[in-house]
Amino acid sequence: ATMVSSKTAMGYQSSRTKETASDHSLMPPCQAACPLHMEIREYIDLIAQGKVMEALHVIRDGNPFPSICAYVCTHPCEENCRRVQVDNPLAIRALKRFAVEFGGDRMIDLEAETKYDDKVAIVGSGPAGLGCAYYLRKLGYPVTIFEAYLELGGMLRVGIPKYRLPRQVLDNEIQRLVQIGVEIRTNTRVVSLDLLSDMEYKAVFLTIGAHQSLRLGIDGEDSPGVIDGATLLREVNLGLKPALGSRIAVVGGGNVAIDAARTAVRLGTTKVTILYRRSREEMPADPEEVEQSLQENIDIRYLVSPTSISRTDGHLQVSCVKMELGEPDASGRRRPIPIEGSEFTEEFDSLITAIGQSPQVPDTFKLRIGRGSTIQVDPITLTTTRVGVFAGGDAVTGPATVTEALATGRKAAFRIHDYLQHKYPVDEKNDKAILSGELLSKTTETIKTQNRQEPKVVGPKARTKDFRPIEKVYNWGIAVAEARRCLRCGMGAEILFQDKCASCLTCLRVCPYGVPYLDETGTVQIPADQCQACGICVIECPAEAIVLRKPYDRSHINEALDHALKSASETKSSPLIIGFCCQYGLYGTGLLSGFWRQAKAGVQIVPVLCVAKVEAHHMLHALEMGAQGVFVAGCGEMCAREKTSFWVEQQIEKVKKVLVQLKLGEDRLQFFDPSTMEEEPVAALDMFTEHIGGLYLESLLKQEVKS
């Protein structure tokens, strides 16, 4: 029987259920910092809800090779995460890896239809080339990759150690290119672009990388025992084992220097020393990689630079000078200056140079070359000085990150498409405004602090024995807990209907974070850069003038409730009980997981992102559609929001007043707060179910008596 009529629901079914479908959310800083502009906030939000497969779908939609990036991305998104203003940035890369590892090969579209006859050649198979091939094939072009080595991957294969990027991960992603129809020609070095034209390729994308190491420019650097870092990594990755000796030095402070040093340790070198001419603050290498190298007993000597090398009795005599730092140079780092009289000499078996790399562009390509031996291109179209020839990746920019190369490959694919279809190229621009501004101290002080969950790594002694991956993947609970730390920047509330706002100041009173304020004109303002998207002001606003910039949360509750009611009507289980349960408690901590597995017949669960977003009209709608009882279950002390229980109780009190007026009994509604409950949640649910069952049986007996 219907418990509540629409008219007696006191207007709670009003325009709240007719929310705007417009997405007014702002681009968060993490997404703006990502070269691929991946929807980081969205997939982290889905992981927090336990919807990992949906998160994987969002990830793969924005990145053709997320498994690769999950290992080697330098995560500039984390450096721009606003959570750092509260405690620590989110572990975005680790969360991405959790999603791709959990999802495996699912959520992958391995179909591509050939729509055009124009063939495209891609010279080089680094991340830029692989990305370009993927997107061109998806656009419908016949694509051929030409690779000089025996296997695809470019620097992904020959420049990154296996302990950082497992080869099986790389092979799996490359195999998907084959499955969508990309032609692969390995062990094929392109020496002439004219030959490609003769083979009827209508466009060419050059992504030949930057494999040539820069020279130190000192005496003796051509001595036996001196090897450049790129060559060392290439030989080791191709299966060779160079004899380095027991005592080596690595010159440089970038990721290649760190990779070379850690590779030497895994080859059996007992003493590895890195010589870097600046301080650790100026070191461009990934700080995490630097810390791990120190754990592996690699000695890093700062403010030291070699000045000459000589070979005596099979050993290298490396003369060095100590440095001091002066004013910043063109790179923005302080310029190293030699200290007079500080020269000293050290003996090593080998010396590895890793001070930078540059491209090697064949003269036969007949292209205009710029500074650093890079290919000159138009920054908008990526076209070279030859018609139909495009270029990108390290050969154009110099050594860059994998994600930056993938972004260039995607851009090149669409610029080539424009060229072949005779379209005017337009540079890609983001439609959404980027959220800017620091969190105010009064806001950060009210946000719960939660420690960042770092992925576990294999111990130094065990990991230096071989080249197996050292970082472990999150388990389910840790991943969900870490994802819950997201501040959901740019998804907060806004006053969409300013003319409806009565300046009643309700929003100022109810906001747990003290975000809304009155400006000098007496108008209520909700600054987007401070709002934490809890949605409480949206619920409490009597004029219904406030909405969430991204109205997903409310529409999700409506959809989930309708689904639960439909399922109940199909099963015809009685009495019907609707439970609004925190998804974190259901899927993350497992605190409420028993509600799924052990709930008695007739109980329908409606998962919600946060129970503070459950409104009075949601509960009333459930009762109106035939539910005999309704409960709300939160995640207790694990809740990432402030005063969640307080606001849930406020909504429940509103509904109880309606039930009292209708003489239906307020005991049909209950709130389960695990932080204050003495009994187990499932036991409490059983007691509530039995109570509602008794009320239902009583109502049936009364109906029989009346009939």
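Parameters and conventions
- Residues numbered from 1 in each chain as written.
- Predicted model: local features only at pLDDT ≥ 70, side-chain atom pairs only at ≥ 80, totals over all residues.
- Heavy atoms only, no water.
- Helix = DSSP H or I, 4+ residues; strand = E, 2+ residues; numbered from the N terminus.
- Buried < 20%, exposed > 50% of the residue type's maximum accessible area, 1.4 Å probe, protein only.
- Contact = heavy atoms within 4.5 Å.
- Areas by Shrake-Rupley, 256 points an atom, 1.4 Å probe, with all protein chains shown as cover.
- Lys, Arg positive; Asp, Glu negative; His and termini not counted.
- Charge placed at Lys NZ, Arg CZ, Asp CG, Glu CD.
- Pairing = 2+ DSSP bridges.
- Phe/Tyr/Trp six-rings, centres within 6.5 Å; stacked < 30°, edge-to-face > 60°.
- Lys NZ or Arg CZ within 6 Å of the ring centre and 35° of its normal.
- Axes fitted to C-alpha atoms, helices over the stretch in contact; angles between N-to-C directions.
- pLDDT = per-residue confidence, 0-100.
- Left-handed = near helix turned anticlockwise from the far one by under 90°.
- Nonpolar A, V, L, I, M, F, W, Y, C, P; charged D, E, K, R; others polar.
- Polar contact = N/O pair within 3.5 Å; in protein donor to acceptor, adjacent residues only side chain to side chain.
- Core = buried A, V, L, I, M, F, W, Y, C linked by side-chain atoms within 4.5 Å.
- Expected span 1.5 Å × (residues − 1).

Summing up its helical and strand segments, the protein has 26 helices and 24 strands in all. Dimensions of the protein, computed from C-alpha atoms along their principal axes, come out at roughly 110 × 60 × 55 Å. The buried share among the 707 residues of the protein stands at 55%. For the protein, restricting intrachain contacts to residue pairs at least 6 apart in sequence, the fraction spanning at least 24 positions comes to 73%. Total accessible area on the protein is roughly 31400 Å²; 50% of this is exposed by carbon and sulfur atoms. Side chains of the protein carry 81 positive and 89 negative charges; the gap between the two charge centres is 2 Å.

Counting buried positions along strand 21 (residues 577-582) yields six of six residues, so the element is predominantly enclosed. The alternating pattern of strand 21 places I577, G579 and C581 on one face and I578, F580 and C582 on the opposite face, and all of these are buried. When strand 21 meets strand 22 (residues 603-608), the two strands line up parallel, connected through six bridges. Each residue of the ladder has a partner; that of I578, found in strand 22, is Q604. Pairing of strand 21 with strand 23 (residues 629-633) involves five bridges; the strand directions are parallel. Following the sheet pairing, F580 is matched in strand 23 by V632.

Within the structure shown, the criterion is met by 13 aromatic pairs. Note on Y116 and Y141: the rings are 4.5 Å apart at their centroids and 20 degrees apart in plane angle, and the pair reads as stacked. Linking Y116 in the loop between helix 6 (92-103) and strand 1 (119-123) with Y141 in the loop between helix 7 (127-139) and strand 2 (143-146), this pair joins segments that are 25 residues apart in sequence. Accessibility expressed as a relative area gives 23% for Y116, which makes it partly exposed. Here F631 and F688 contribute two aromatic rings whose centre-to-centre distance is 6.2 Å and whose plane-to-plane angle is 75 degrees, an arrangement assigned as edge-to-face. Taken as a pair, F631 in strand 23 and F688 in helix 26 (residues 681-706) lie far apart in primary sequence, 57 residues in all. Looking at K119, its charged tip hangs above the ring of Y201, at a distance of 4.4 Å from the centre. Sitting over the face of the ring of F497, K500 holds its NZ or CZ atom 5.1 Å from the ring centroid.

With that out of the way, let us pick up the sheet that holds strand 16 (residues 389-391). If you walk across this open sheet you meet the five strands as 3-2-1-4-16, and the pairing is parallel. The sheet is open, and its two edges are formed by strand 3 (183-185) and strand 16, each paired on a single side. Within this sheet the neighbouring strands show an average axis-to-axis angle of 20 degrees, counted without direction. The pairing of strand 1 with strand 4 (residues 201-206) spans five bridges and is classified as parallel. Paired with V120 across the two strands is A203, which belongs to strand 4.

Averaged over all residues, the pLDDT of the protein is 89; the fraction at 70 or higher stands at 94%. Scored below 50 in pLDDT, residues 6-20 makes 31 contacts in the model with residues more than four places away or belonging to other chains.

Moving on: the packing of helix 7 against helix 15 (residues 402-420). The contact between helix 7 and helix 15 brings their axes to 7 Å, and the two run at 35 degrees. Helix 15 is crossed by helix 7, and the crossing has right-handed handedness. Side by side, helix 7 and helix 15 meet where P127, A128, G131, C132, Y135, L136 and L139 of the first sit next to V402, A405, L406, G409, R410, A412, A413, F414, I416 and H417 of the second. Of the residues in the contact of helix 7 with helix 15, the class split is 13 nonpolar, three polar and one charged.

Taken together, the four bridges between strand 11 (residues 315-328) and strand 12 (residues 334-338) define a ladder with antiparallel strand orientation. The residue of strand 12 that forms the bridge with P328 is R334. The loop that links strand 11 with its antiparallel partner strand 12 comprises five residues; one of these, G332, has a positive phi angle of about 90 degrees.

Here we come to the side chain of R410. Secondary-structure assignment places R410 in helix 15. Judged by relative accessible area, R410 falls into the buried class, the value being 16%. At 3.1 Å, the side chain of R410 and the backbone oxygen of L36 are in polar contact.

Attention now goes to the nonpolar core. Core analysis: the biggest nonpolar cluster contains 72 residues, and I40, Y43, I44, L136 and I416 have the highest contact counts within it. Every residue in contact with I416, bar those within four places of it in the chain, is listed here: V120, C132, L136, A203, F205 and F390. Grouped together as the second largest cluster of nonpolar side chains are 34 residues, L565, A568, L576 and V655 included.

The next point concerns the sheet that holds strand 9 (residues 299-302). Taken together, the five strands give an open sheet; going across it, the order is 6-14-7-8-9, and neighbouring strands pair in parallel fashion. Strands at the two margins of the open sheet, each flanked by one partner only, are strand 6 (226-228) and strand 9. On average, each strand axis in the sheet is tilted by 20 degrees relative to the strand beside it, whichever way the strands run. Looking at chain direction, strand 6 and strand 14 (residues 350-353) are connected through three bridges and run parallel. Its bridge partner lying in strand 14, D228 is registered against T353.

Attention shifts here to helix 7. Compared with the 18 Å implied by 1.5 Å per residue over 13 residues, the 18 Å span of helix 7 between its first and last C-alpha is a close match. Taking burial as the measure, the 13 residues of helix 7 include 12 buried ones, the bulk of the element. Residues of helix 7 that are buried include every one of P127, A128, G129, L130, G131, C132, A133, Y134, Y135, L136, R137 and L139, and no others. At the C-terminal side of helix 7, G140 shows a positive phi close to 110 degrees.

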